[in-house]
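Report on the structure
Now for the letters of each chain:
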Amino acid sequence: MFLDVHELALHKARIRKTYAPGTIDLHSADFRQIEPLEVRATAELLDGQIRITGNLHTKLELICARCLDTVTEEISKDFDLFYRSMTTIAEEDEAQLNLDEMDIGFFEGDGMFLADILAEQVNLALPMKVICRSDCRGLCPHCGVNLNNEECRCEKHPSDARMAPLARLKQDWSKKQ
Ligand SMILES: [Zn+2]
Ligand SMILES: [Zn+2]
């Protein structure tokens, strides 16, 4: 869907759309959409700026930062965004732009694609660090086993007195890597 400034100048656009997984390029290899993305929004032209306000909802599959297992995360985000035409910015003295206007996005030409706005909003809604569960034990740094699923031998070495010197050696070795 294209938000055309000339059309928005005539009337507001009420948006109710559903995007199946794969139909929006989310610009990231770190997660994938696994349920339809639902968006409800209103787009209008306000003082020459495109204002789009509404909310989106979807479900993503991400990777746990500790154990690399997949994690599903429900994403809901409200937004109220302003986009300004690049051409009007060029005409204005840049010094006139206030700092608080730096939150404003820009569009080129006759408008912008809704999908681009949604992709940006989904990326902004992601948690900084994704963990499958608060007590995730992660991967063993030595053998790579997922410690949530199984114990590995490396872990037992330090508690075994006879193996302690070897464990220390291993630690020193891994620190140097
Ligand atoms: Zn995990
Ligand atoms: Zn291990």
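Here the structure is shown first, and the text comes after it.
Here's what I pulled together on the structure shown here. All of these numbers come straight from a predicted model, not from anything done at the bench. (Residues numbered from 1 in each chain as written. Chains lettered and ligands numbered in written order. Predicted model: local features only at pLDDT ≥ 70, side-chain atom pairs only at ≥ 80, totals over all residues.)

This next bit is on unusual backbone geometry. When glycine is set aside, most residues are seen to have a negative phi, and most peptide bonds are trans. In this model, D47 sits at a positive phi of 50°, which is unusual for a non-glycine residue. Within the secondary structure, D47 sits in the loop between β4 (37-46) and β5 (49-63). D47 sits in the exposed class, given 7 other C-beta atoms within 10 Å. The phi dihedral of L68 falls on the positive side, at around 65°, and the residue is not glycine. Tracing the backbone through its elements, the reader meets L68 in the loop between β5 and β6 (70-85). (Helix = DSSP H or I, 4+ residues; strand = E, 2+ residues; numbered from the N terminus. Buried ≥ 20, exposed ≤ 12 C-beta atoms within 10 Å, placed from the backbone.)

With that settled, the discussion passes to the environment of L139. Structurally, L139 is set in the loop between α3 (114-125) and α4 (153-156). A count of 18 C-beta atoms within 10 Å places L139 in the partly exposed class. Sequence separation of L139 and L68 is 71 residues, and the distance between their C-alpha atoms is 8.1 Å. Those residues in contact with L139 that sit more than four places away from it in its chain are C67, L68, G144, V145, N146 and L147. (Contact = placed C-beta atoms within 7 Å.)

Let us now look at the pairing of β4. Residues of β4 alternate between two faces, with L37, V39, A41, A43 and L45 buried on one and E38, R40, T42, E44 and L46 left unburied on the opposite face. Judged from the nine bridges that link them, β4 and β5 form a sheet pairing that is antiparallel. Looking at β5, one finds that A41 is bridged to G54. From the end of β4 to the start of β5, which pair antiparallel, there are two residues, and D47 there has a positive phi angle of about 50°. (Pairing = 2+ DSSP bridges.)

Before going further, it helps to spend a moment on the environment of G138. Take G138: it is sitting in the loop between α3 and α4. By the C-beta count within 10 Å, which is 16 here, G138 ends up partly exposed. For the pair G138 and N149, spaced 11 residues apart in sequence, the C-alpha separation works out to 9.7 Å.

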